[in-house]
Amino acid sequence: MSRWIALGLRSGVRTTGYPSRPDPDAEVAPSAVIADLAALTAAQAVEAAGLCPTTAITLEGDRDQGGIKFDAGQCVMCGRCVRAFPGAFSFSQSPDVAVRSRERLQVGAHWAGGSAPAADAAVLATELEQRSQRLFRRSLHIRHVDAGSCNGCESELQLLGSPEYDLHRLGLFFTPTPRHADALLVTGVVTRQMEQPLRDTYDAMPDPKIVVAAGVCAIGGGVFEGGFMVNGPLDRILPVDVYVPGCPPTPLALLHGLLVAVGRGAERYRAGGGPDGA
Amino acid sequence: MITLRDLADRLGLAIDGSSSQELRARCAPEAFLGAATALAAEAVLADLFATTGSGQPWLTAVFEAAGDPEWLLLRTQLTGDSFPSLTPATHVASWYEREIHEMHGVQPVGHPALARLRLHDWPVGQPPMRATLDRRLDIGPGVPSLVPIVHGQGVFQLPLGPVRSGPQESGEFLFNSGGEDLVAVSQLLGFKLRVVERLAEGRTVDQALMLAERLAGVSTFSNALAFVQAVERASAITVGERSRAARTLMNELERLHNHFGDISRLADATGLMVAGAQYASLKEDVLRRCAELTQHRYLRGILAVGGLQAPLPDAALESLRQRLPEWLRRSARLERLLEETAIFIDRVETTGVLTPEYAAPHNLVGPIGRSTGADRDCRRDHPYAWYDQVTFEVLVKSQGDALARLSIRLFEIRQSIRIIEQVLEAWPVSDVAAPSDSPATGEALGWTEGAGGETLHWVELTGDGRLARWRARPPAFVNWHPYAEACASGNNLTDYPVIEASFGLSHAEFDR
C-alpha cells in the first residue's frame with residue numbers, strides 16, 4: 001500500500017486550475033456552437049437547416065416573412081454547419097456554456113427585416129433561488145439520475161472525480177441518497193420507463209432543491225426528440241434551474257453548470273454570441 | 001476446420017448471394033429451424049433477429065465459424081406471426097427470441113421462458129418495432145417482476161437501483177441473500193429503452209449515423225463504424241486507404257479509453273483509490289487526444305459513409321505519437337503494482353466466476369468471452385478497416401473470474417498501443433475512395449470489435465439512400481445474458497461492486 005501512496009505523491013498535482021484560470025489542455029474539445037445568423041443569406045439559411053441532423057437549426061414562416069432559428073439546446077455539435085458556413089457558425093472557445101434560461105440557448109434572425117434575436121434578457125434570480133444559492137454556495141451535494149442517456153454523460157460525470165477535475169476541491173459532492181441531496185443532475189432523454197423513478201427521486205429530495213439538465217438529450221431531446229419512448233425533455237417534467245449544453249457536456253462545462261447553479265459562476269454563453277458572449 | 005460454405009453445402013442450402021466476407025442463403029420457413037439448429041451446432045450463432053414492415057416478417061440468423069473470415073446470413077420469410085423456437089436446441093437463441101417476441105410481436109412457439117426482456121408497462125399487443133403507436137394507449141398487464149425470489153429462513157431480498165449510488169447508468173437488481181452470500185441475483189433492465197432502431201427507419205443514412213453514434217457513449221466509434229461499414233457494403237462503396245487506417249487508429253483509441261476506464265472503476269470498487277485515480281487520469285489523457293484529432297472526446301461526428309468527415313490533423317497525430325511511450329510506461333508500472341498488491345488480487349481472483357462450461361452456450365464476446373475460453377476477435381477473424389495491415393496478438397484465458405477479465409484488458413491495452421504505433425508508422429498518403437456506381441440499395445452486415453466485443457450492425461437501404469431497416473447487436477446484448485449467474489456463483493454481497501466493474505457492461509447498449 002505504501003508504494004501506491006508513494007506513486008500518488010510522485011505523480012504530482014494534475015488538477016486543472018479551472019475556474020480560477022483557463023485550462024487550454026482541458027479545453028481541446030469545444031463545448032457549444034455560437035451562431036451569427038445575420039451572416040447567412042436566405043439561401044444559405046435554407047441549406048444550413050438542411051444540413052443540421054437535429055432540430056438545432058430550423059426555418060420558420062414563409063420565404064418573405066420567414067426566419068431561421070438556432071437552438072444550442074438541440075445542438076449535438078456534429079460540426080456540419082461549422083464546416084459549411086464558418087462565417088456564421090463557430091465553436092465556442094470557452095467551457096462556460098451553462099445557462100439559467102432555455103431562451104439564452106436560442107437565437108433567431110429574420111432575413112426579411114434584419115436580425116431579430118430571440119429574447120435573451122438575463123434572468124434575475126428569484127428570492128427562492130437567491131436563498132438556495134446562499135445555502136449551497138460553499139457545499140453542494142448532487143444526486144445524479146440517468147434518465148435514458150447513452151452513457152456518454154455518465155462517463156464525463158465519473159471523470160469529474162479524476163485527478164484532472166477533482167470536483168471535491170470546489171465543495172461539490174455526489175451523494176447516493178436523494179434525502180441528502182441539494183441538486184438533482186439529470187442526463188438523458190427521460191424515457192417512458194425512467195420517468196417514474198426520476199419523479200420519485202425528485203420528490204424524495206428536501207426543499208429547496210436545484211435541478212440541472214445536463215446534455216442536449218435532457219435539454220431538448222437531441223437526436224431522439226419526438227421518439228415514442230421519450231417522455232422528455234426534462235423541463236416538461238421537472239422545473240429546471242440550469243441547462244448545460246453539449247453531447248455530452250465536457251467535464252469543464254459540467255463544472256461550470258454546477259457553479260452557475262450555486263451562484264458561483266457567471267452565465268456567459270449566448271447562442272448568438274454577444275457582448276458577454278463566450 | 002470447416003468453413004461456412006462447406007456447412008451450407010452439406011445442409012443443401014443454396015448460397016443465393018454473396019459479397020466479400022458475407023454469404024447469404026434463403027430457405028423456406030419450415031426448413032429454418034432444422035438448418036439453423038444444424039448450423040448453430042457446428043458454427044457460432046452470432047445474431048438472430050426479425051425485420052418487420054410491409055408484408056410478412058423476415059427472420060435472419062447470422063453465423064460465423066472459427067478460422068473462417070466469412071459470415072453466413074440465413075434468412076427466411078415467415079408465412080405468419082410465429083415460428084418454431086430455436087431455444088430448446090440452441091440456448092443462445094433464448095434472449096434473441098424474447099426480444100423478437102416483445103419488440104416485433106412474432107411468436108417463437110415452444111420457447112421455454114417467454115418473459116418480457118425490456119418492456120415494463122408497455123401495452124400488450126403493441127410491439128414497439130411494428131405497431132402504429134398511440135401514446136394514449138392504456139397500460140396493459142405484463143409488468144415484469146424480478147425473479148427468482150428465494151424463500152427460506154433467514155433469506156432476505158436487497159434491491160438496488162434503478163437509480164444507483166453514483167453517476168452510473170440505470171438498471172435494477174435484486175439480491176437474494178442469506179446474510180453474506182449471494183444466493184441468487186435477478187436483474188430488470190430496459191429502463192433506458194429508446195427504440196433507436198425504429199427511430200432510424202425512413203431517415204437518411206447521414207441522420208441515422210447520428211443515432212448509431214448515440215447508441216452508447218463510450219462505444220460510440222465501434223457502433224458507428226459497424227453501421228457505416230454495413231452501409232458501405234450494402235452500396236458497394238470502397239473506402240480509401242488513409243481513411244481505413246484512421247478508422248483502425250480510432251477504433252483502438254476507443255478501446256484504450258474504455259479499458260482504462262473499466263480498470264479505474266474496478267480499482268475503485270476494491271478500494272484502491274490511487275490506482276483508480278491513475279487509470280482515470282490515463283483515460284482522460286486518451287479522451288483529450290481524441291478531441292485533438294476529431295474535435296470530440298468520444299469520436300463523434302468524424303465518421304462518414306465512404307471515409308471521414310474531415311482528415312485527422314497532422315499536429316494531433318504527432319501529439320498522439322509522442323504520448324504512446326508514456327501511456328505504455330505508465331500502464332506497465334500500474335500493472336506491475338496491481339499484480340504485487342495482494343489485497344487487490346485477493347478481491348478479484350475467483351470473484352464472479354463464469355466457467356467455460358457455463359459460458360460456452362452463450363457465445364460470449366469481447367474480453368468477457370475471451371476470459372472464458374472463447375477464442376473470438378473480429379479484428380483477427382474477420383479483418384475490417386486496416387486490421388489486415390497490422391500485427392497483434394489475442395489473449396484467451398479460461399478462469400472466467402474478475403482477474404481473468406482484468407488480465408485480458410491489461411493485455412489488450414498493450415496491443416492497442418502497438419497497433420496505433422504501427423498505423424502511425426505506416427500512415428498511408430493516398431486516400432482515393434472509389435465511389436459507388438451502383439445505386440445505394442440493398443442490405444449488408446457490418447462488424448467491428450469494440451472494447452466490449454463483437455459489434456454487429458445490419459442495414460437494409462431503400463433506393464434513395466434512406467434506412468428501411470436497421471438491426472444493431474452491440475456486445476452488451478450478448479454479455480448480459482449470463483451476468484446474473486456470474487454474480488450468484490459463490491460470491492458475497494460485498495463482491496457485487498467488484499463483479500459489476502469487472503464486467504463493465506453497458507446498459508445503453510442493451511436497452512437501446
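Here, the structure is the one placed above.
What counts and what doesn't
Residues numbered from 1 in each chain as written. Chains lettered and ligands numbered in written order. Predicted model: local features only at pLDDT ≥ 70, side-chain atom pairs only at ≥ 80, totals over all residues. Heavy atoms only, no water. Helix = DSSP H or I, 4+ residues; strand = E, 2+ residues; numbered from the N terminus. Buried < 20%, exposed > 50% of the residue type's maximum accessible area, 1.4 Å probe, protein only. Contact = heavy atoms within 4.5 Å. Areas by Shrake-Rupley, 256 points an atom, 1.4 Å probe, with all protein chains shown as cover. 1 Å grid on protein atoms, 1.4 Å probe; cavity = no way out; pocket = protein on both sides within 12 Å on 5 of 7 lines; lining within 4 Å. Points joined across faces, edges and corners; volume = space filled by probe spheres on them. Nonpolar A, V, L, I, M, F, W, Y, C, P; charged D, E, K, R; others polar. Patch = residues over 30% accessible without salt bridge, like charges linked within 9 Å, V, L, I, M, F, W, Y side chains within 5 Å. Salt bridge = Lys/Arg side-chain N within 4 Å of Asp/Glu carboxyl O. Lys, Arg positive; Asp, Glu negative; His and termini not counted. Charge placed at Lys NZ, Arg CZ, Asp CG, Glu CD. Expected span 1.5 Å × (residues − 1). Bend = angle between axes of the 7 residues up to and from the residue. Pairing = 2+ DSSP bridges. Axes fitted to C-alpha atoms, helices over the stretch in contact; angles between N-to-C directions.

Asks: Tell me what's going on with the overall build of chain A, and back it up with residues and numbers.
Replies: On a plain count of helices and strands, chain A comes out with eight helices and ten strands. Taking all 278 residues of chain A together, 61% fall into the buried category. Considering only residue pairs separated by 6 or more positions, chain A has 79% of its internal contacts joining residues 24 or more positions apart. Of the roughly 10,700 Å² of accessible surface on chain A, a fraction of 51% belongs to carbon and sulfur atoms.

Asks: Provide a residue-level description of empty space enclosed by the protein, including the pertinent values.
Replies: Applying the stated criterion to the full structure yields eight cavities of 30 Å³ or more. Put simply, the largest cavity is a space of about 190 Å³. Residue lining of the largest cavity: 20 residues in total, with His104, Met129, Glu197, Arg471 and Arg512 of chain B positioned closest to the centre. Mapped onto the lining of the largest cavity, the elements with two or more residues apiece are strand 3 (44-51), helix 3 (93-104) and strand 15 (467-473) of chain B. With five residues, the top contributor of residues to the lining of the largest cavity is helix 3 of chain B. Here the lining of the largest cavity is built from residues that sort into nine nonpolar, three polar and eight charged. In terms of lining, the second largest cavity is formed by 18 residues, of which the most central are Cys52, Pro53, Cys75, Cys78 and Cys81 of chain A.

Asks: Describe a positive patch on the surface, naming the residues involved and giving the relevant values.
Replies: A grouping of Arg10 and Arg14 of chain A together with Arg329, Arg333 and Arg336 of chain B is seen on the molecular surface, where their side chains present a positively charged patch. Sort the elements by how many residues they give to the positive patch and helix 9 (residues 314-340) of chain B lands first, with three residues. Here arginine 14 of chain A lies in the loop between helix 1 (2-10) and strand 1 (33-35). Arginine 14 of chain A gets classed as partly exposed once you look at its relative accessible area, which sits at 32%.

Asks: Let's hear about helix 9 of chain B: which residues, and what values?
Replies: Relative to the 39 Å expected for 27 residues at 1.5 Å per residue, helix 9 of chain B spans 40 Å between its end C-alpha atoms, a close match to the ideal helical length. Residue arginine 323 of chain B marks the point of greatest curvature in helix 9 of chain B, where the axis turns by about 30°; the proline proline 325 of chain B follows within four residues. Taken residue by residue, helix 9 of chain B has Ala316, Leu317, Ser319, Leu320, Leu324, Trp327, Arg330, Ser331, Leu334, Glu335, Leu337 and Leu338 of chain B as its buried positions. Buried-residue contacts for helix 9 of chain B involve helix 1 of chain A together with helix 7 (241-269), helix 8 (273-294), helix 10 (342-348) and helix 14 (402-425) of chain B.

Asks: Lay out the sheet that holds strand 10 (residues 242-244) of chain A with the relevant residues and their values.
Replies: All names here are of chain A. Taken in spatial order, the five strands line up as 7-6-8-9-10 in an open sheet, and their pairing is parallel. Across the chains shown, the open sheet's two edge strands, defined by having one partner strand only, are strand 7 (172-174) and strand 10. Across this sheet, the average inter-strand angle for adjacent strands is 25°, counted without regard to direction. As paired elements, strand 6 (residues 140-146) and strand 8 (residues 183-187) share five bridges and run parallel to each other. Considered in strand 8, the bridge of aspartate 146 is made with threonine 187. The sheet strands contacting helix 5 (residues 152-159) are strand 6, strand 7, strand 8 and strand 9 (210-214), and the helix crosses strand 8 at an angle near 135°. Contacts from helix 6 (residues 195-204) reach strand 6, strand 8 and strand 9, with the element oriented near 165° to strand 8.

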